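Close look at the chain arrangement
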Amino acid sequence: MSIPLSFKTMTHSGEFARGIQELIARYGREQSIAFSHREISYETGWEEFVRAAIYGGGVDISEMGSTWVSDFVSMSALRPFSPPEVTRFGGAASFPPGLWQSGVGADGFVSAIPWMTDVSLVYYRRDLLAKAGADETNAFSTPEHFEQTLARLQAAGVHRPWAIPTRRSHISLHNLAMWLWYHGVDFVDKAGKQVVIDEGQGLTALKAYFGLARYFSADVEPLAENQSDDLFARGETAVTISGPWLLQYCTPEVRQELGLAIPLGASYIGGSCLVVWNNARQSREALDWVAYLIHRGQQISVPQLAGLLPSKLGAIEQFQLAVDRPEIREAFIGALNTGRALPAVPLWGMIEDRLVRILEILWARLLENPGAEIDAVFDADLVPAVARLNVSLSNY
(Lines give C-alpha, C1' and ligand atoms only; values in the text may rest on other atoms or scores of the structure.)
Protein backbone atom coordinates (compact mmCIF):
# COMPACT_ATOMS: atom_id res chain seq x y z
CA MET A 1 0.00 0.00 0.00
CA SER A 2 1.41 3.42 -0.97
CA ILE A 3 2.28 5.99 1.69
CA PRO A 4 -0.18 8.93 1.71
CA LEU A 5 1.11 12.32 0.61
CA SER A 6 1.32 14.34 3.83
CA PHE A 7 -0.01 17.87 3.32
CA LYS A 8 -0.49 20.56 5.98
CA THR A 9 -2.34 23.82 5.45
CA MET A 10 -2.85 26.80 7.72
CA THR A 11 -6.26 27.52 9.23
CA HIS A 12 -8.14 30.20 7.27
CA SER A 13 -11.90 29.66 7.34
CA GLY A 14 -14.49 26.92 7.32
CA GLU A 15 -15.14 27.65 3.67
CA PHE A 16 -11.45 27.20 2.87
CA ALA A 17 -11.27 23.96 4.88
CA ARG A 18 -14.20 22.47 2.96
CA GLY A 19 -12.89 23.70 -0.38
CA ILE A 20 -9.39 22.29 0.08
CA GLN A 21 -10.79 18.93 1.18
CA GLU A 22 -12.90 18.77 -1.98
CA LEU A 23 -9.86 19.70 -4.08
CA ILE A 24 -7.74 17.02 -2.39
CA ALA A 25 -10.44 14.40 -2.94
CA ARG A 26 -10.82 15.29 -6.63
CA TYR A 27 -7.09 15.35 -7.31
CA GLY A 28 -6.60 12.12 -5.36
CA ARG A 29 -9.20 10.35 -7.48
CA GLU A 30 -7.74 11.69 -10.74
CA GLN A 31 -4.14 10.80 -9.87
CA SER A 32 -4.82 7.71 -7.70
CA ILE A 33 -3.00 9.31 -4.78
CA ALA A 34 -3.90 9.04 -1.11
CA PHE A 35 -3.53 12.15 1.06
CA SER A 36 -2.95 12.73 4.75
CA HIS A 37 -4.15 16.29 5.31
CA ARG A 38 -4.28 18.38 8.46
CA GLU A 39 -4.84 22.03 9.24
CA ILE A 40 -2.64 23.85 11.75
CA SER A 41 -3.19 27.30 13.24
CA TYR A 42 -0.94 30.30 12.83
CA GLU A 43 -0.74 30.49 16.64
CA THR A 44 0.90 27.05 16.97
CA GLY A 45 2.13 26.41 13.43
CA TRP A 46 5.61 27.89 13.74
CA GLU A 47 6.45 25.74 16.79
CA GLU A 48 5.06 22.64 15.08
CA PHE A 49 7.17 23.29 12.00
CA VAL A 50 10.26 23.78 14.18
CA ARG A 51 9.67 20.36 15.74
CA ALA A 52 9.28 18.87 12.27
CA ALA A 53 12.55 20.50 11.19
CA ILE A 54 14.47 19.21 14.20
CA TYR A 55 12.99 15.78 14.72
CA GLY A 56 11.41 15.01 11.34
CA GLY A 57 7.67 14.92 11.17
CA GLY A 58 6.79 12.84 8.15
CA VAL A 59 5.42 15.88 6.30
CA ASP A 60 5.94 16.08 2.54
CA ILE A 61 4.49 19.46 1.63
CA SER A 62 2.95 22.30 3.56
CA GLU A 63 1.57 25.76 3.34
CA MET A 64 3.80 28.16 5.26
CA GLY A 65 3.48 31.84 6.11
CA SER A 66 5.82 33.79 3.86
CA THR A 67 7.63 35.43 6.79
CA TRP A 68 8.52 32.04 8.28
CA VAL A 69 10.35 30.66 5.26
CA SER A 70 13.76 32.18 6.02
CA ASP A 71 13.89 30.51 9.44
CA PHE A 72 13.42 27.06 7.96
CA VAL A 73 15.83 27.72 5.12
CA SER A 74 18.48 28.54 7.73
CA MET A 75 17.66 25.23 9.44
CA SER A 76 18.16 23.36 6.12
CA ALA A 77 14.66 21.96 6.58
CA LEU A 78 13.29 22.77 3.12
CA ARG A 79 14.06 21.17 -0.22
CA PRO A 80 15.23 23.81 -2.74
CA PHE A 81 13.46 23.84 -6.10
CA SER A 82 15.71 23.26 -9.11
CA PRO A 83 15.74 25.79 -12.00
CA PRO A 84 13.67 23.45 -14.23
CA GLU A 85 11.11 23.06 -11.42
CA VAL A 86 10.93 26.83 -10.96
CA THR A 87 10.38 27.19 -14.70
CA ARG A 88 7.61 24.60 -14.53
CA PHE A 89 5.83 26.73 -11.92
CA GLY A 90 6.02 29.82 -14.13
CA GLY A 91 9.27 31.41 -13.01
CA ALA A 92 9.87 34.47 -10.88
CA ALA A 93 8.18 36.85 -13.33
CA SER A 94 4.83 35.10 -12.79
CA PHE A 95 4.62 36.15 -9.13
CA PRO A 96 4.54 39.43 -7.18
CA PRO A 97 8.19 40.47 -6.81
CA GLY A 98 7.96 41.19 -3.08
CA LEU A 99 6.34 37.86 -2.28
CA TRP A 100 8.66 35.87 -4.55
CA GLN A 101 11.72 37.17 -2.71
CA SER A 102 10.39 35.73 0.54
CA GLY A 103 11.22 32.28 -0.80
CA VAL A 104 14.67 33.08 -2.18
CA GLY A 105 17.64 32.56 0.12
CA ALA A 106 20.86 34.55 0.30
CA ASP A 107 22.43 31.85 -1.88
CA GLY A 108 19.85 32.42 -4.60
CA PHE A 109 18.12 29.07 -4.13
CA VAL A 110 14.32 29.05 -4.26
CA SER A 111 12.80 27.16 -1.33
CA ALA A 112 9.18 28.35 -1.42
CA ILE A 113 6.61 28.95 -4.16
CA PRO A 114 3.98 31.66 -3.48
CA TRP A 115 0.45 30.24 -3.21
CA MET A 116 -1.87 32.95 -1.85
CA THR A 117 -1.24 36.65 -1.41
CA ASP A 118 -2.11 39.17 1.28
CA VAL A 119 -1.71 42.90 0.68
CA SER A 120 -2.48 45.79 3.01
CA LEU A 121 -4.55 48.63 1.63
CA VAL A 122 -6.23 51.69 3.08
CA TYR A 123 -9.99 51.19 3.08
CA TYR A 124 -11.84 54.50 3.23
CA ARG A 125 -15.29 56.01 2.79
CA ARG A 126 -15.26 58.28 -0.23
CA ASP A 127 -18.44 60.08 0.87
CA LEU A 128 -16.98 60.96 4.28
CA LEU A 129 -13.72 62.21 2.76
CA ALA A 130 -15.72 64.39 0.36
CA LYS A 131 -17.80 65.73 3.24
CA ALA A 132 -14.58 66.61 5.11
CA GLY A 133 -13.11 68.33 2.05
CA ALA A 134 -10.24 65.84 1.78
CA ASP A 135 -8.78 65.12 -1.66
CA GLU A 136 -8.69 61.35 -1.92
CA THR A 137 -6.05 61.45 -4.69
CA ASN A 138 -3.20 61.96 -2.20
CA ALA A 139 -5.05 61.48 1.07
CA PHE A 140 -2.86 58.60 2.23
CA SER A 141 0.31 59.05 0.18
CA THR A 142 2.54 60.36 2.99
CA PRO A 143 2.38 60.27 6.81
CA GLU A 144 1.62 64.01 6.75
CA HIS A 145 -1.23 63.63 4.26
CA PHE A 146 -2.55 60.62 6.18
CA GLU A 147 -2.77 62.62 9.41
CA GLN A 148 -4.22 65.67 7.66
CA THR A 149 -6.98 63.49 6.19
CA LEU A 150 -7.88 62.03 9.59
CA ALA A 151 -7.80 65.50 11.13
CA ARG A 152 -10.23 66.78 8.48
CA LEU A 153 -12.57 63.87 9.16
CA GLN A 154 -12.45 64.55 12.89
CA ALA A 155 -13.08 68.27 12.37
CA ALA A 156 -16.05 67.43 10.13
CA GLY A 157 -17.70 65.60 13.02
CA VAL A 158 -16.94 61.99 12.04
CA HIS A 159 -17.25 60.04 15.30
CA ARG A 160 -14.59 57.45 14.51
CA PRO A 161 -12.20 58.63 11.78
CA TRP A 162 -9.69 55.77 12.27
CA ALA A 163 -9.70 52.20 13.56
CA ILE A 164 -7.00 49.52 13.40
CA PRO A 165 -6.14 46.44 15.48
CA THR A 166 -4.53 47.35 18.79
CA ARG A 167 -4.65 43.98 20.53
CA ARG A 168 -2.05 41.29 19.82
CA SER A 169 -1.99 41.07 16.04
CA HIS A 170 0.45 40.52 13.21
CA ILE A 171 -1.58 43.11 11.32
CA SER A 172 -0.07 45.73 13.65
CA LEU A 173 3.36 44.68 12.45
CA HIS A 174 2.29 44.87 8.79
CA ASN A 175 0.84 48.35 9.33
CA LEU A 176 3.89 49.71 11.12
CA ALA A 177 6.16 48.30 8.40
CA MET A 178 4.74 50.74 5.87
CA TRP A 179 5.54 53.72 8.10
CA LEU A 180 9.08 52.39 8.59
CA TRP A 181 9.63 51.88 4.87
CA TYR A 182 8.41 55.38 4.08
CA HIS A 183 11.09 56.69 6.45
CA GLY A 184 13.77 54.59 4.75
CA VAL A 185 14.27 51.98 7.47
CA ASP A 186 13.10 48.47 8.40
CA PHE A 187 12.57 46.55 11.62
CA VAL A 188 16.15 45.26 11.59
CA ASP A 189 19.52 46.55 10.40
CA LYS A 190 20.94 45.52 7.03
CA ALA A 191 22.70 42.53 8.59
CA GLY A 192 19.45 41.36 10.17
CA LYS A 193 21.18 41.11 13.53
CA GLN A 194 19.67 44.00 15.52
CA VAL A 195 16.22 45.58 15.84
CA VAL A 196 16.42 49.31 15.13
CA ILE A 197 12.90 50.69 15.60
CA ASP A 198 13.87 52.52 18.79
CA GLU A 199 16.35 54.91 17.17
CA GLY A 200 16.71 57.44 14.35
CA GLN A 201 14.17 57.27 11.55
CA GLY A 202 12.70 54.11 13.05
CA LEU A 203 11.63 56.08 16.10
CA THR A 204 10.30 58.89 13.88
CA ALA A 205 8.15 56.35 12.04
CA LEU A 206 6.79 54.88 15.29
CA LYS A 207 5.84 58.32 16.60
CA ALA A 208 3.96 59.11 13.39
CA TYR A 209 2.12 55.77 13.42
CA PHE A 210 1.17 55.67 17.11
CA GLY A 211 0.40 59.39 17.01
CA LEU A 212 -2.65 58.59 14.89
CA ALA A 213 -4.29 57.24 18.05
CA ARG A 214 -5.70 60.74 18.55
CA TYR A 215 -8.13 59.96 15.72
CA PHE A 216 -9.64 56.93 17.40
CA SER A 217 -13.09 57.56 18.88
CA ALA A 218 -13.26 58.99 22.40
CA ASP A 219 -14.80 55.73 23.67
CA VAL A 220 -12.09 53.58 22.09
CA GLU A 221 -11.23 50.17 23.52
CA PRO A 222 -8.47 47.78 22.42
CA LEU A 223 -9.52 46.17 19.14
CA ALA A 224 -8.77 42.71 17.78
CA GLU A 225 -8.36 42.24 14.02
CA ASN A 226 -11.95 41.16 13.45
CA GLN A 227 -13.32 44.00 15.59
CA SER A 228 -11.45 46.63 13.62
CA ASP A 229 -12.62 45.09 10.34
CA ASP A 230 -16.22 44.89 11.58
CA LEU A 231 -16.28 48.58 12.46
CA PHE A 232 -15.41 49.53 8.90
CA ALA A 233 -17.59 46.85 7.29
CA ARG A 234 -20.64 48.13 9.18
CA GLY A 235 -19.93 51.75 8.31
CA GLU A 236 -18.85 52.78 11.82
CA THR A 237 -15.41 54.10 10.94
CA ALA A 238 -14.15 56.18 8.03
CA VAL A 239 -10.67 54.73 7.51
CA THR A 240 -8.85 51.50 8.29
CA ILE A 241 -6.07 49.35 6.89
CA SER A 242 -6.85 45.74 6.09
CA GLY A 243 -6.43 42.90 3.63
CA PRO A 244 -8.45 41.54 0.69
CA TRP A 245 -10.87 39.61 2.92
CA LEU A 246 -12.56 42.78 4.19
CA LEU A 247 -14.30 43.40 0.85
CA GLN A 248 -16.72 40.52 1.29
CA TYR A 249 -17.89 41.67 4.73
CA CYS A 250 -18.75 45.27 3.84
CA THR A 251 -22.42 46.20 3.80
CA PRO A 252 -23.94 47.29 0.46
CA GLU A 253 -23.90 50.90 1.67
CA VAL A 254 -20.20 50.76 2.54
CA ARG A 255 -19.36 49.00 -0.74
CA GLN A 256 -21.07 51.77 -2.69
CA GLU A 257 -18.83 54.43 -1.13
CA LEU A 258 -15.67 52.31 -0.81
CA GLY A 259 -12.28 53.62 -1.84
CA LEU A 260 -8.92 51.84 -1.68
CA ALA A 261 -5.42 53.30 -1.61
CA ILE A 262 -1.87 52.01 -1.30
CA PRO A 263 -0.61 53.27 2.08
CA LEU A 264 2.32 55.70 1.90
CA GLY A 265 3.24 54.54 -1.59
CA ALA A 266 4.16 50.91 -0.78
CA SER A 267 1.83 48.20 0.46
CA TYR A 268 2.88 45.40 2.75
CA ILE A 269 2.76 42.12 0.81
CA GLY A 270 2.80 38.67 2.33
CA GLY A 271 0.64 35.60 2.35
CA SER A 272 1.52 31.95 2.15
CA CYS A 273 3.88 29.74 0.19
CA LEU A 274 4.12 26.06 -0.63
CA VAL A 275 7.23 24.28 0.60
CA VAL A 276 8.51 20.73 0.15
CA TRP A 277 10.38 19.41 3.16
CA ASN A 278 13.84 17.88 2.96
CA ASN A 279 12.58 14.72 4.61
CA ALA A 280 9.68 14.36 2.16
CA ARG A 281 9.04 10.72 1.33
CA GLN A 282 7.28 11.52 -1.95
CA SER A 283 9.07 14.45 -3.56
CA ARG A 284 7.81 13.80 -7.08
CA GLU A 285 4.17 13.63 -5.98
CA ALA A 286 4.70 16.73 -3.84
CA LEU A 287 6.05 18.68 -6.82
CA ASP A 288 3.10 17.60 -8.95
CA TRP A 289 0.74 18.80 -6.22
CA VAL A 290 2.49 22.19 -6.08
CA ALA A 291 2.10 22.52 -9.85
CA TYR A 292 -1.60 21.69 -9.57
CA LEU A 293 -2.26 24.17 -6.75
CA ILE A 294 -0.67 27.10 -8.57
CA HIS A 295 -2.38 26.29 -11.87
CA ARG A 296 -4.59 29.13 -13.11
CA GLY A 297 -7.84 27.30 -12.34
CA GLN A 298 -6.97 26.77 -8.69
CA GLN A 299 -5.46 30.24 -8.43
CA ILE A 300 -8.80 31.75 -9.38
CA SER A 301 -10.84 29.66 -6.93
CA VAL A 302 -8.80 28.64 -3.85
CA PRO A 303 -7.40 31.98 -2.53
CA GLN A 304 -10.91 33.44 -2.56
CA LEU A 305 -11.96 30.82 0.00
CA ALA A 306 -9.25 32.12 2.33
CA GLY A 307 -10.05 35.80 1.74
CA LEU A 308 -6.74 36.28 -0.06
CA LEU A 309 -5.55 37.01 -3.61
CA PRO A 310 -3.87 34.73 -6.16
CA SER A 311 -0.08 34.49 -6.16
CA LYS A 312 0.03 34.33 -9.97
CA LEU A 313 -0.08 37.84 -11.42
CA GLY A 314 -1.92 36.63 -14.52
CA ALA A 315 -4.80 35.26 -12.43
CA ILE A 316 -5.86 38.54 -10.82
CA GLU A 317 -7.61 39.73 -13.98
CA GLN A 318 -10.12 36.86 -13.71
CA PHE A 319 -10.24 36.71 -9.93
CA GLN A 320 -13.69 37.50 -8.55
CA LEU A 321 -13.74 40.43 -6.15
CA ALA A 322 -16.68 41.15 -3.84
CA VAL A 323 -16.57 44.77 -5.02
CA ASP A 324 -15.65 44.59 -8.69
CA ARG A 325 -15.14 48.12 -9.92
CA PRO A 326 -12.15 49.02 -12.13
CA GLU A 327 -10.54 51.28 -9.52
CA ILE A 328 -10.83 48.56 -6.83
CA ARG A 329 -9.16 45.95 -9.02
CA GLU A 330 -6.47 48.44 -10.07
CA ALA A 331 -5.63 49.12 -6.41
CA PHE A 332 -5.05 45.42 -5.77
CA ILE A 333 -3.02 45.01 -8.95
CA GLY A 334 -0.87 47.98 -7.95
CA ALA A 335 -0.29 46.50 -4.50
CA LEU A 336 0.66 43.11 -5.98
CA ASN A 337 3.19 44.65 -8.34
CA THR A 338 4.80 47.11 -5.94
CA GLY A 339 4.25 45.53 -2.51
CA ARG A 340 7.14 45.00 -0.13
CA ALA A 341 7.66 42.03 2.18
CA LEU A 342 8.93 41.88 5.75
CA PRO A 343 12.64 41.12 6.20
CA ALA A 344 13.69 37.61 5.13
CA VAL A 345 16.38 37.14 7.77
CA PRO A 346 17.25 34.20 10.04
CA LEU A 347 15.39 34.23 13.38
CA TRP A 348 12.67 36.43 11.91
CA GLY A 349 10.05 34.13 13.45
CA MET A 350 11.32 34.94 16.93
CA ILE A 351 11.78 38.64 16.11
CA GLU A 352 8.27 38.86 14.69
CA ASP A 353 6.71 37.22 17.75
CA ARG A 354 8.52 39.57 20.16
CA LEU A 355 7.69 42.67 18.10
CA VAL A 356 4.00 41.79 17.98
CA ARG A 357 4.02 41.59 21.76
CA ILE A 358 5.89 44.91 22.08
CA LEU A 359 3.36 46.68 19.84
CA GLU A 360 0.48 45.30 21.88
CA ILE A 361 2.06 46.68 25.07
CA LEU A 362 2.59 50.10 23.52
CA TRP A 363 -1.02 50.30 22.36
CA ALA A 364 -2.25 49.20 25.79
CA ARG A 365 -0.24 51.94 27.52
CA LEU A 366 -1.45 54.65 25.14
CA LEU A 367 -5.11 53.57 25.31
CA GLU A 368 -5.04 53.30 29.11
CA ASN A 369 -3.83 56.88 29.31
CA PRO A 370 -4.82 58.86 26.17
CA GLY A 371 -3.03 61.93 27.47
CA ALA A 372 0.30 60.17 27.88
CA GLU A 373 3.35 61.54 26.11
CA ILE A 374 4.47 59.12 23.41
CA ASP A 375 8.13 59.76 24.23
CA ALA A 376 7.57 58.77 27.84
CA VAL A 377 5.75 55.58 26.86
CA PHE A 378 8.50 54.65 24.42
CA ASP A 379 11.21 55.31 27.02
CA ALA A 380 9.42 53.15 29.57
CA ASP A 381 8.31 50.26 27.37
CA LEU A 382 9.82 50.31 23.89
CA VAL A 383 13.49 50.99 24.55
CA PRO A 384 13.97 48.33 27.28
CA ALA A 385 12.00 45.71 25.30
CA VAL A 386 14.08 46.26 22.17
CA ALA A 387 17.29 46.15 24.23
CA ARG A 388 16.29 42.75 25.68
CA LEU A 389 15.42 41.45 22.21
CA ASN A 390 18.78 42.60 20.83
CA VAL A 391 20.60 40.86 23.69
CA SER A 392 18.81 37.64 22.72
CA LEU A 393 19.75 38.12 19.06
CA SER A 394 23.40 38.73 19.91
CA ASN A 395 23.58 35.23 21.40
CA TYR A 396 22.99 33.58 18.00
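Above this note sits the structure.
Residues numbered from 1 in each chain as written. Predicted model: local features only at pLDDT ≥ 70, side-chain atom pairs only at ≥ 80, totals over all residues. Heavy atoms only, no water.

**Focus: the overall build of the chain**
The following threshold applies: The numbering of helices and of strands both runs from the N terminus, where a helix is a DSSP run of H or I of at least 4 residues and a strand a run of E of at least 2. The globule rule used for comparison is 2.2 Å times the number of residues to the exponent 0.38, while the radius of gyration itself is calculated over C-alpha atoms. Burial classification: accessible surface area is computed with a 1.4 Å probe over protein chains only, and a residue below 20% of its type maximum counts as buried, one above 50% as exposed, and the rest as partly exposed. Only heavy atoms enter the contact rule, under which two residues are in contact if any of them lie within 4.5 Å. Using a 1.4 Å probe, the Shrake-Rupley method yields the accessible areas, and only the shown protein chains count as cover for residues. We score Asp and Glu as negative and Lys and Arg as positive, and we do not count His or the chain ends. Where a charge sits is defined by one atom per residue type, namely NZ (Lys), CZ (Arg), CG (Asp) or CD (Glu).
A count of helical and extended segments in the chain gives 16 helices and 9 strands. On C-alpha atoms alone, the chain measures out to a radius of gyration of 21 Å, which is about the 21 Å that the 2.2 N^0.38 rule sets for 396 residues. By principal-axis analysis of the C-alpha atoms, the chain measures approximately 70 × 50 × 30 Å. Per-residue burial for the chain yields a buried fraction of 55% across its 396 residues. Once local pairs closer than 6 in sequence are excluded, the contacts in the chain between residues at least 24 apart make up 75%. Accessible surface, the chain as shown: approximately 16600 Å² in total, 50% of it carbon and sulfur. Looking at charge distribution, the chain has the averaged site of its 32 positive side-chain charges lying 4 Å from that of its 44 negative ones.

**Quick notes on the sheet that holds strand 5 (residues 121-125)**
Stated formally: Two strands pair under a simple rule: DSSP has to find at least two bridges between them. Axes, fitted as lines to C-alpha atoms, cover a helix only where it is in contact. Angles between the N-to-C directions of the axes lie from 0 to 180 degrees.
Strand order across the open sheet formed by 3 strands is 6-5-7, with antiparallel pairing between neighbours. The open sheet terminates on both sides in strands that have one partner only, identified here as strand 6 (239-242) and strand 7 (258-261). For this sheet, the mean inter-axis angle between neighbouring strands, taken without regard to orientation, is 30°. Summarising the sheet, strand 5 and strand 6 pair through 4 bridges and their orientation is antiparallel. Bridging across to strand 6, L121 finds its partner in S242. Running over the sheet, helix 10 (residues 225-233) touches strand 5, strand 6 and strand 7 and is turned about 130° from strand 6.

**Some details on the packing of helix 1 (residues 14-31) against helix 12 (residues 283-293)**
The criterion, for reference: Roughly parallel means an angle under 35 degrees; roughly antiparallel, over 145; roughly perpendicular, 65 to 115; everything else is oblique. Each crossing gets its hand from how the near helix is turned against the far one by less than a right angle, where anticlockwise is left-handed and clockwise is right-handed. In this count, Pro and Cys sit with the nonpolar residues alongside Ala, Val, Leu, Ile, Met, Phe, Trp and Tyr, while Asp, Glu, Lys and Arg are called charged and the others, Gly among them, polar.
In the contact formed by helix 1 and helix 12, the axes pass within 12 Å of each other and the chain directions differ by 125°. When the axes of helix 1 and helix 12 are compared, the pair comes out oblique. Here helix 1 and helix 12 pass one another in a crossing that is right-handed. Residues L23, I24, R26, Y27 and E30 of helix 1 form the contact with helix 12, whose own contacting residues are D288, W289, Y292 and L293. Classifying every residue of the contact of helix 1 with helix 12 gives 6 nonpolar, no polar and 3 charged.

**Observations regarding the packing of aromatic side chains**
For clarity, the cut-off: Classification of ring pairs rests on two measures: the distance between centres of Phe, Tyr or Trp rings, Trp counted by its six-membered ring, which must be within 6.5 Å, and the angle between planes, read as stacked under 30 degrees, edge-to-face over 60 and tilted in between.
Taken as a whole, this structure holds 28 aromatic pairs when the rule is applied. Look at Y209 and F210: their rings are 5.4 Å apart centre to centre, the planes differ by 75°, and that puts the pair in the edge-to-face class. Members of the aromatic cluster, each reached through a chain of ring pairs, are Y124, F140, F146, W162, W179, Y209, F210, F216, W363 and F378.

**Focus on helix 12**
With 8 of 11 residues buried, helix 12 lies mostly within the body of the structure. Within the span of helix 12, buried status applies to E285, A286, L287, W289, V290, A291, Y292 and L293.

**A look at the side chain of S120**
Within the fold, S120 resides in the loop between strand 4 (113-119) and strand 5. S120 gets classed as buried once you look at its relative accessible area, which sits at 5%. Apart from residues no more than four positions distant in its own chain, S120 is found in contact with H174, M178, I241, S242, P263, S267 and Y268.

**As for the packing of helix 15 (residues 348-368) against helix 16 (residues 374-394)**
Viewed as axis vectors pointing N to C, helix 15 and helix 16 meet at an angle of 165°, and their least axial separation amounts to 10 Å. Viewed along their axes, helix 15 and helix 16 adopt a mutual orientation that is roughly antiparallel. Crossing of helix 15 over helix 16 shows right-handed handedness. On helix 16, the residues touching M350, I351, R354, L355, I358, I361, L362, R365 and L366 of helix 15 are I374, V377, F378, D381, L382, A385, V386, L389, S392 and L393. For the contact of helix 15 with helix 16, the residue count by class is 15 nonpolar, 1 polar and 3 charged.

**Some thoughts on the sheet that holds strand 3 (residues 61-65)**
Here we have 6 strands laid out as an open sheet, ordered 2-1-3-8-4-9, and mixed in their pairing. Because the sheet does not close on itself, it has two edges, and the strands there are strand 2 (35-40) and strand 9 (309-310). Across 2 bridges, the pairing between strand 4 and strand 9 is antiparallel. Note that in strand 9 the partner of T117 across the bridge is L309. Here helix 13 (residues 296-305) sits on the sheet in contact with strand 4 and strand 9, set at roughly 45° to strand 4.

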